[in-house]
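# Working through the structure, step by step
Below are the chains, spelled out letter by letter.
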Protein chains: 2
Amino acid sequence: MIRIAILGLGNVGTSVLNIIRNNKDIIYQKIGENFEIVGALVRDKSKHLKKEVYLASSFEEILSLKPDIIVELIGSVHPALEYIIKSLENNIPVVTANKEVLAKYPNEIFALADKKRVPIYFEAAVGGGIPIVRPLKVCLAANRIKEIMGILNGTTNYILTKLDEGFEFESALKQAQEKGYAEANPESDLSGMDALYKIAILSSVSFGILIDINELSSEGISNISLKDVLYARDLGYKIKLIARSCVKDNKYDIRVYPMLLPFSHPLASVSNNMNSILVKGDFVGSVMFYGQGAGGNPTASAVASDIMDISWHIRNSHTHRLSGNIKSKAIILKPNELFSRFYLRTIVKDNPGVLAKIAKVLADHNVSIKSMVQKTSDKGFAELVFILHQCNEQNFYKSIEDLKLVDSVKEIALTLRVYED
Amino acid sequence: MIRIAILGLGNVGTSVLNIIRNNKDIIYQKIGENFEIVGALVRDKSKHLKKEVYLASSFEEILSLKPDIIVELIGSVHPALEYIIKSLENNIPVVTANKEVLAKYPNEIFALADKKRVPIYFEAAVGGGIPIVRPLKVCLAANRIKEIMGILNGTTNYILTKLDEGFEFESALKQAQEKGYAEANPESDLSGMDALYKIAILSSVSFGILIDINELSSEGISNISLKDVLYARDLGYKIKLIARSCVKDNKYDIRVYPMLLPFSHPLASVSNNMNSILVKGDFVGSVMFYGQGAGGNPTASAVASDIMDISWHIRNSHTHRLSGNIKSKAIILKPNELFSRFYLRTIVKDNPGVLAKIAKVLADHNVSIKSMVQKTSDKGFAELVFILHQCNEQNFYKSIEDLKLVDSVKEIALTLRVYED
């Protein structure tokens, strides 16, 4: 009998109770043990009276129940961080679905786990039920990983899909909220932070690096309008919120940004609230993982499978694999070391010479134009959409600052990156 | 130092040498051990003199080198089976990429491995470098798996892609051979047997069942013509060679057949020599895995990662997980217990009344027509293509036998299954 305590009985916690109860036979068949849920820590007991589980009032009470494994499903940083640390200090293995705490406090958590040689498993923290953490750690272990590129946030992917279906941003966000995909305060999703936590975790696992999340940057989708999605489509692209991590000369580029992907790119066809992760390794080539990246049941699938894996090791008194295999602190590439292609939408005075002025400003910063199309013209103003050749990102942003000073340029409406193989 | 012996230095064996040598630093970083290739067993030493590895003449000589792990990359049944058995009997863990021997002799191999408590790992046997065996065994372990459906053979998928591009079958096969995707004798690929071995292995892993491969059936793609691919496209479908496994009331349907998939099905867009596997579980929902399903380097990625995983366990003197968790022999569903929709192409005499006759024969067997279209008419003969409603498979095949007796029916050109959710 493996004694399990659960911290938090929200959507995921309740699904974890269900999968452990419904699939008791499968669990026993595979690991030769039964699970007993010895207690759950909740804030408001009155909400959970029907769940047939002992409700604890404090983390100390959870510890007094002598669990073999603690499952942290509270989310956010506090008190999840403190509970995870206390569990590890008490030599109790942890399973968590909490991307934020792992991304923000990797050193505190992984160094402690490795020092105590107590496992912390977190397959559920990235991609919900999609197997991705263990495949990267174990199945692709022999590869030199070159790049990870994924759609890691279902809410923003749903909104972008709705834009692609012709809805305006506000309506798309409202639909996401009605479907339960977006929270009342959708800031962490829209800003790309949620996806940034996840790509930081995957990067740490794949490259064996310690990442300071504050050194990474994310761009969200709040500025993207229906118009941009339609213009991108005319040019042969879909706009997706991409989380991407690559390595160049032992320096890392780990970021989240909306990007124009050509229709033929495997991530371009990932729609609605689905997630997908493309991994490139030196021997395996490209492999892709796809599925529901959030939700109670898919996440519980990963949590319960992690519990089973840890239970197998506990039962056989195994040495636990080091959590992160972290060898060094990651050096993050700076804007002047990064190169990209860009999409640029501007509103300009509709008179001769304006294009020449823009081209000159761009050229002065070594940015050259691949294509330009005039989209609308109204009341003396025209909308110009540019696709730029690959350029240094710092140069590009300097050129944008200079463009804002050009008299004929009314507005730099949007800049987006464009995928280049 | 972990001592590794390799049986067979073909395409995959050579790539395994390369990945172990090129990625020595990554391997050491992750498991804290170096690999030493102590020897390789080859048939013709003169072909491998430049590979800088000790070449052994016999399996006994390999044993005398005292390897910690034996990597079987000979393929086919003999002598691979005998070598695997001798390795396990000598308590030496095995890594293999050999789907045929695992599918044909699961009982001999897995029962011995479990009895001796010696691990045999085979991530590379299905889907080349795509992580699928371990994700099914570990990451999705808590789910009740409902269905596995995949494109598991790159050669036939490449041929079907070429048909879709407008080439005739013979030309498509020739191109596959020129690309090195199809062997000189492509029978095992074309007949669906290669895919059948793989789906049998995945089914065994997912459902914990022992499968007698002789009880399973496969249909290949040799009868499919360019014409069928074009007709299917007109109807909104792609033809794919599908390996599929599902469970109903503890009985199993595990087969390989070409199938019409609607364009929107996630496997419909898998083209060229790529593989993809869709897994449905009760909690995780649908997850999909995609990548290069064959070739030296991708397969070596899986082999080397398996070696790393076993090495970790060896180093820490771990109890090895049972190979198959096999609980029972699988009961396979019979044709009279199976239901499907069908595509039916016939050549008939072009005269009034023939459709009525066909419809009557079908109706007599409880098979009803969903749609019919007349495709060509030439020299008194017409080509009729039917899509049938879901029906009992045994009834369908009886109706086909009866149709052949109808005077106006010149030929039953092809029958194919049609996907129904």
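This is a predicted model, so every value here is computed, not measured.

### A closer look at the relation of the copies chain B and chain A
At an RMSD of 0.0 Å, chain B and chain A line up after a rotation of 180° and a shift of 0.0 Å along the axis. The superposition operator between the copies reduces to a two-fold rotation axis. Residue Phe-289 of chain B, judged by its C-alpha, is the member of chain B lying nearest the rotation axis, at 2.4 Å. Same-surface contact between copies: 100% of interface residues of chain B are shared with the interface of chain A.

### Concerning the packing of helix α1 (residues 11-22) of chain B against helix α2 (residues 24-31) of chain B
Residue and element names in this part refer to chain B. The interhelical angle for the contact between α1 and α2, taken along N-to-C directions, is 70°, at an axis separation of 4 Å. Between α1 and α2, the crossing angle belongs to the class labelled roughly perpendicular. Facing Ile-19, Ile-20, Arg-21 and Asn-22 of α1, the residues of α2 in contact are Lys-24, Asp-25 and Ile-27. Classifying every residue of the contact of α1 with α2 by side-chain character gives three nonpolar, one polar and three charged.

### Structural notes on the domain arrangement of chain A
Residues and elements named next belong to chain A. Each assigned domain of chain A is listed with its residue range as follows: domain 1 (2-129 + 296-330), domain 2 (134-292) and domain 3 (335-418). For domain 2 and domain 3, the distance between their C-alpha centres works out to 25 Å. Listed as interface residues are 19 residues of domain 2 and, on the opposing side, 16 residues of domain 3. Here domain 2 and domain 3 share an interface that buries about 1600 Å² over both sides, 55% of which is from carbon and sulfur atoms. Inspection of the domain 2/domain 3 interface yields six salt bridges. One salt bridge in this structure joins Arg-345 and Asp-228, with 2.6 Å as the shortest N-O distance. Run the count over domain 2 and domain 3 and you get ten residue pairs in polar contact (both at pLDDT 80 or more). At the level of secondary structure, the elements contributing two or more residues to the side of domain 2 that touches domain 3 comprise α12 (226-234), β10 (237-248) and β11 (251-262). It is β11 that contributes the most residues to the side of domain 2 that touches domain 3, seven residues altogether. Tallied by class, the residues present in the side of domain 2 that touches domain 3 amount to nine nonpolar, two polar and eight charged.

### Concerning the UniProt feature "active site" (unreviewed entry) in chain A
Residue and element names in this part refer to chain A. The sites that carry the UniProt feature "active site" (unreviewed entry) are, in the present numbering, Lys-198. Locating Lys-198 in the fold gives a position in helix α11 (residues 193-207). Beyond its immediate sequence surroundings of up to four residues, Lys-198 is in contact with Lys-99, Ala-125, Val-126, Leu-152 and Asn-153. In this structure the side chain of Lys-198 is engaged in a polar contact, spanning 2.8 Å, whose partner is the side chain of Asp-194.

### Focus: the interface of chain B and chain A
Taken together, the contact between chain B and chain A spans 53 residues of the former and 53 residues of the latter. The interface formed by chain B and chain A includes two salt bridges. Here Arg-144 of chain B makes a salt bridge to Asp-25 of chain A, at a shortest N to O gap of 2.9 Å. For the pair chain B and chain A, the interface holds 22 residue pairs in polar contact (both at pLDDT 80 or more). The dominant element in the side of chain B that touches chain A, judged by the number of residues it contributes, is helix α13 (residues 296-315) of chain B, at nine residues. Pairing between strand β13 (residues 285-292) of chain A and strand β13 (residues 285-292) of chain B: five bridges, direction antiparallel. Across the sheet, residue Gly-291 of chain A finds its bridge partner in β13 of chain B, namely Val-287 of chain B.

What counts and what doesn't
- Throughout, a residue's number is its position along its own chain's written sequence, starting from 1.
- Labels follow written order: the first chain is A, the first ligand is 1, and so on.
- Two thresholds apply to this predicted model, a pLDDT of at least 70 for residue-level local features and 80 or more for giving and counting side-chain atom pairs, whereas whole-chain, interface and lining totals are computed over all residues.
- Derived side-chain values reflect all non-hydrogen atoms in the structure, with water molecules and hydrogen atoms excluded from consideration.
- Least-squares fitting of one copy onto the other uses the C-alpha atoms of those residues that reach a pLDDT of at least 70 in both copies.
- Contacts: residue pairs with any heavy atoms within 4.5 Å of one another.
- Axis lines are fitted to C-alpha atoms, over the contacting stretch for helices. Their N-to-C directions set the angle, which ranges from 0 to 180 degrees.
- Under the DSSP-based scheme used, a helix requires at least four consecutive residues in state H or I and a strand at least two consecutive residues in state E, with every element numbered from the N terminus.
- Any angle between 65 and 115 degrees counts as roughly perpendicular, while under 35 counts as roughly parallel, over 145 as roughly antiparallel, and the rest as oblique.
- Charged means Asp, Glu, Lys or Arg here, nonpolar means Ala, Val, Leu, Ile, Met, Phe, Trp, Tyr, Cys or Pro, and polar covers whatever is left, Gly included.
- Per the annotation, domain bounds derive from an automatic or database assignment of domains.
- Defined in terms of a 1.4 Å probe, buried area is the accessible area two parts forfeit on being brought together, summed over both.
- Should a side-chain nitrogen of Lys or Arg be within 4 Å of a carboxyl oxygen of Asp or Glu, the pair is scored as a salt bridge.
- N or O atoms within 3.5 Å of each other form a polar contact, as long as, within protein, one can give a hydrogen and the other can take it, and as long as residues adjacent in sequence are counted only when both atoms are side-chain atoms.
- UniProt positions are given in the numbering used here, feature names are shortened, and annotations may be inferred rather than shown by experiment.
- Strands were regarded as paired on the criterion that DSSP finds at least two bridges between them.

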